[in-house]
Amino acid sequence: MMFQLENVTYKNILQLKLLQIQAGSVTSIIGKSGSGKSTLLKLLNNMISSDSGVIYYNDKSIEEIEPVELRRQVVTLTQYPAIFEGTVKDNLLLGLKLSEKNYTTVNDEVLSRTLAMFNLQTKLGVDANKLSGGEQQRLAFARITLMKAPVYLLDEPTSSLDEETEDLVMDRFISRAKAEKTTVVMVTHSMKVAETYSDFIINMEDVNAYK
Ligand code: ADP
Ligand code: MG
């Protein structure tokens, strides 16, 4: 298992007896708004700590893993990803810089190819804040893709995209994840996305004793 949660509780939001995320799989988390989906993702990279219970990452309690190291491996994409002041290129390189990866070998051609992977034709020198919401969401996909993380947590990552673009982005991201045996946990409101792209679907109503 990539993650195993045992008797995890968080405030009056989550009470999970047992929840497992299989390594190398794509797992979708579905459930009503307010059912604790985002809270669950935050627990998985220790952005927040559970009140009780244990969360194992690769058989090790996440409390015993250095947070910086954990987040270098477990990379999150939020619903409204932060876009930083600067160019598209600055934004692409930021994830690598923050995770202290060696990015000197990532040249402009690699960057442009990664943008193209998500159908983003913008130039690297463009001001990132000039991009539309949907373009920024795809820029964020490109940014995390460059990080080559073993685990990705995606929180409603396609909310600003039209259905056609959502399909393209998910298809490209998940195809690569499958090829590289990456573990993906994604929150989605779209049953179609969940059914098309995931190996497992977890419904919060089935696993959360609070509701
Ligand atoms: P979802 O992502 O499924 O919509 P969330 O995990 O964001 O749900 O939120 C679950 C519940 O927890 C909601 O009722 C929300 O208002 C509440 N909540 C979220 N964050 C906090 C917090 N830091 N402290 C207290 N309550 C919170
Ligand atoms: Mg949420």
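Keep in mind that what you see is a predicted model, and the values were worked out from it rather than measured.

Student: What am I meant to see in the site of ligand 1 here?
Tutor: All residues in the neighbourhood of ligand 1 are listed as Lys11, Ile13, Lys32, Ser33, Gly34, Ser35, Gly36, Lys37, Ser38 and Thr39. Ser38 places a side-chain nitrogen or oxygen 2.9 Å from an oxygen atom of ligand 1. Burial of ligand 1 by the protein amounts to 54% of the accessible area it has alone, namely 560 Å². Of the residues contributing to the shell around ligand 1, the split by class is 1 nonpolar, 6 polar and 3 charged.

Student: What am I meant to see in the nonpolar core here?
Tutor: Generally speaking, a soluble globular protein has its nonpolar side chains buried in company with each other. Leu92, Leu139, Leu154 and Phe173 are the most contacted members of the largest nonpolar core, which has 37 residues in total. Of all elements in the fold, only strand 6 (74-77), helix 3 (88-98), helix 4 (108-117), helix 5 (133-146), strand 7 (151-155), helix 6 (163-179), strand 8 (183-187) and helix 7 (191-197) reach the threshold of two or more residues within this core. The greatest single-element share of this core, amounting to 6 residues, is contributed by helix 5. When neighbours within four sequence positions are excluded, Phe173 is seen to be in contact with Met117, Phe118, Phe141, Ile144, Thr145, Tyr152, Leu154 and Val184. If you look at the next biggest cluster of nonpolar residues, it comprises 27 residues, including Ile29, Ile62, Val151 and Val185.

Student: Would you explain the pattern of salt bridges in this entry?
Tutor: Once the charged atoms of two side chains with opposite charge are near each other, the side chains can pair. Applying the stated criterion across every chain yields a total of 8 salt bridges. Among the ionic pairs, Arg72 bridges to Glu69, the shortest N-O distance being 2.9 Å. Of this pair, Arg72 and Glu69 are both found in helix 2 (residues 67-73), 3 residues apart, which corresponds to roughly one turn of the helix. With relative accessibility at 24%, the residue Arg72 sits in the partly exposed group. The class for Glu69 is partly exposed, based on a relative accessible area of 26%. Residues Lys192 and Asp167 are paired through a salt bridge, measuring 3.6 Å at the closest nitrogen-oxygen approach. Residue Lys192 is found in helix 7, and its partner Asp167 is found in helix 6; the two are separated by 25 residues along the sequence. Beyond isolated ion pairs, a larger network of salt bridges with shared partners links Glu163, Asp167 and Lys192.

Student: I tried to follow the environment of Thr188 on my own but got confused; where do I start?
Tutor: Along the chain, Thr188 turns up in the loop between strand 8 and helix 7. Here the alpha-carbon distance between Thr188 and Ser159, two residues 29 residues apart in the chain, equals 8.7 Å. Setting aside residues no more than four positions away along its own chain, Thr188 makes contact with Ser28, Ile29, Ile30, Val193 and Ala194. In this structure the side chain of Thr188 is engaged in a polar contact, spanning 2.9 Å, whose partner is the backbone nitrogen of Ser190.

Student: How should helix 6 be read in this particular structure?
Tutor: Residues spaced three or four apart along an α-helix point in a common direction, a consequence of the helix completing one turn every 3.6 residues. For helix 6, which comprises 17 residues, the first-to-last C-alpha distance of 24 Å matches the rise-based estimate of 24 Å (1.5 Å per residue) to within 8%. Turning to helix 6, its buried residues number three or more, namely Thr165, Glu166, Val169, Met170, Phe173, Ile174 and Ala177. Burial along helix 6 is one-sided: seen end-on, the buried residues are contained in an arc of 140°. Structural note: helix 6 exposes Glu164 and Ala179 on the side pointing more than 90 degrees away from its buried face. Of the surrounding secondary structure, the elements contacted by the buried residues of helix 6 are strand 3 (26-30), helix 4, helix 5, strand 7, strand 8 and helix 7. Of the residues flanking the end of helix 6, it is Lys181, one or two places downstream, whose phi is positive at about 55°.

Student: Teacher, can you tell me more about the side chain of Glu166 here?
Tutor: Following the sequence through the fold, Glu166 ends up in helix 6. No salt bridge is formed by the buried Glu166, whose closest oppositely charged neighbour, Lys192, lies at an N-O distance of 5.7 Å. Dropping the residues within four chain positions of it, Glu166 is found in contact with Thr158, Leu161 and Val193.

Student: What should I look at first to understand empty space enclosed by the protein in this one?
Tutor: The method is simple in principle: a probe with the dimensions of a water molecule rolls over the atoms, and the space it marks as empty is what remains. Tallied over the entire structure, the rule returns 2 cavities of 30 Å³ or more. Lining the largest cavity we find Met117, Thr145, Lys148, Ala149, Tyr152, Phe173, Arg176, Ala177, Glu180 and Thr182. Ranked by residues supplied to the lining of the largest cavity, first place goes to helix 6 with 3 residues. Of the residues that constitute the lining of the largest cavity, the class distribution is 5 nonpolar, 2 polar and 3 charged.

Definitions and limits used
Residues numbered from 1 in each chain as written. Chains lettered and ligands numbered in written order. Predicted model: local features only at pLDDT ≥ 70, side-chain atom pairs only at ≥ 80, totals over all residues. Heavy atoms only, no water. Near = heavy atom within 4 Å. Polar contact = N/O pair within 3.5 Å; in protein donor to acceptor, adjacent residues only side chain to side chain. Areas by Shrake-Rupley, 256 points an atom, 1.4 Å probe, with all protein chains shown as cover. Nonpolar A, V, L, I, M, F, W, Y, C, P; charged D, E, K, R; others polar. Core = buried A, V, L, I, M, F, W, Y, C linked by side-chain atoms within 4.5 Å. Buried < 20%, exposed > 50% of the residue type's maximum accessible area, 1.4 Å probe, protein only. Helix = DSSP H or I, 4+ residues; strand = E, 2+ residues; numbered from the N terminus. Contact = heavy atoms within 4.5 Å. Salt bridge = Lys/Arg side-chain N within 4 Å of Asp/Glu carboxyl O. Expected span 1.5 Å × (residues − 1). Arc of directions from axis to C-beta. Lys, Arg positive; Asp, Glu negative; His and termini not counted. 1 Å grid on protein atoms, 1.4 Å probe; cavity = no way out; pocket = protein on both sides within 12 Å on 5 of 7 lines; lining within 4 Å. Points joined across faces, edges and corners; volume = space filled by probe spheres on them.

The analysis is restricted to geometry; functional conclusions fall outside its scope.
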